[in-house]
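Breakdown of the fold
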Amino acid sequence: MNIIIINGPNLNLLGTREPEIYGGRTFEDYLAELQLKFPGIMLEYYQSNIEGEIITKIQEKGFDCDGIVLNAGAYTHTSIGIADAVKAVTAPVIEVHISNTFSRETFRHQSYLSPVSAGVIVGFGLKGYELALQALLP
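Let me sum up the structure you'll find in this document. (Residues numbered from 1 in each chain as written. Predicted model: local features only at pLDDT ≥ 70, side-chain atom pairs only at ≥ 80, totals over all residues. Heavy atoms only, no water.)

1. Overview of unusual backbone geometry
You will see that asparagine 10, though not glycine, has its phi angle at about 70°, which is positive. For asparagine 10, the position within the fold is in the loop between β1 (2-7) and α1 (19-22). For asparagine 10, a relative accessible area of 35% corresponds to the partly exposed category. (Helix = DSSP H or I, 4+ residues; strand = E, 2+ residues; numbered from the N terminus. Buried < 20%, exposed > 50% of the residue type's maximum accessible area, 1.4 Å probe, protein only.)

What follows is the structure in structure tokens.
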């Protein structure tokens, strides 16, 4: 299997950004752990703070890979373009959020991605990525 994890804005700051919400680990450290837990999956990782780059990556990978794990960060609540890209590709997309977005500011309760994603995992910390990978397994 070939799965890509795509992280959006500010997720490059994991480990230092608001550790009380997002924890103290970098995503790169966690990714190494995921690769050990899922040796049968070819995991690719991509992070961008730029909406258009995320859309381009979804379009680039979404017809050839077996799944996309997507944490679009704040773009979840604002980007119709990312939602359209998710809707356009054939790979199943699992929307992931580290924090429980429903326990935060009201604007975070709306997701443009949820209606076009195969599933949504919210509020389980970094473990949400592992849950998403398990959901994509045959």
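2. With respect to the side chain of lysine 57
When you line up the elements, lysine 57 lands in helix α3 (residues 51-61). Classification of lysine 57 as buried rests on a relative accessible area of 12%. Each residue touching lysine 57, except ones within four places of it in the same chain, is listed here: Ile4, Ile6, Glu44, Tyr46 and Gly62. (Contact = heavy atoms within 4.5 Å.)

3. Some words on the pattern of salt bridges
If you walk through the whole model with that rule in mind, you get six salt bridges. Here arginine 25 makes a salt bridge to glutamate 33, at a shortest N to O gap of 2.9 Å. Of the residues examined, arginine 25 reaches a relative accessible area of 34% and is grouped as partly exposed. What makes glutamate 33 partly exposed here is its relative accessible area of 28%. Two residues, glutamate 60 and lysine 57, come together in a salt bridge whose shortest N-O distance is 3.0 Å. Taken together, the residues span about one helical turn, with glutamate 60 and lysine 57 both in helix α3 at a distance of three residues. (Salt bridge = Lys/Arg side-chain N within 4 Å of Asp/Glu carboxyl O.)

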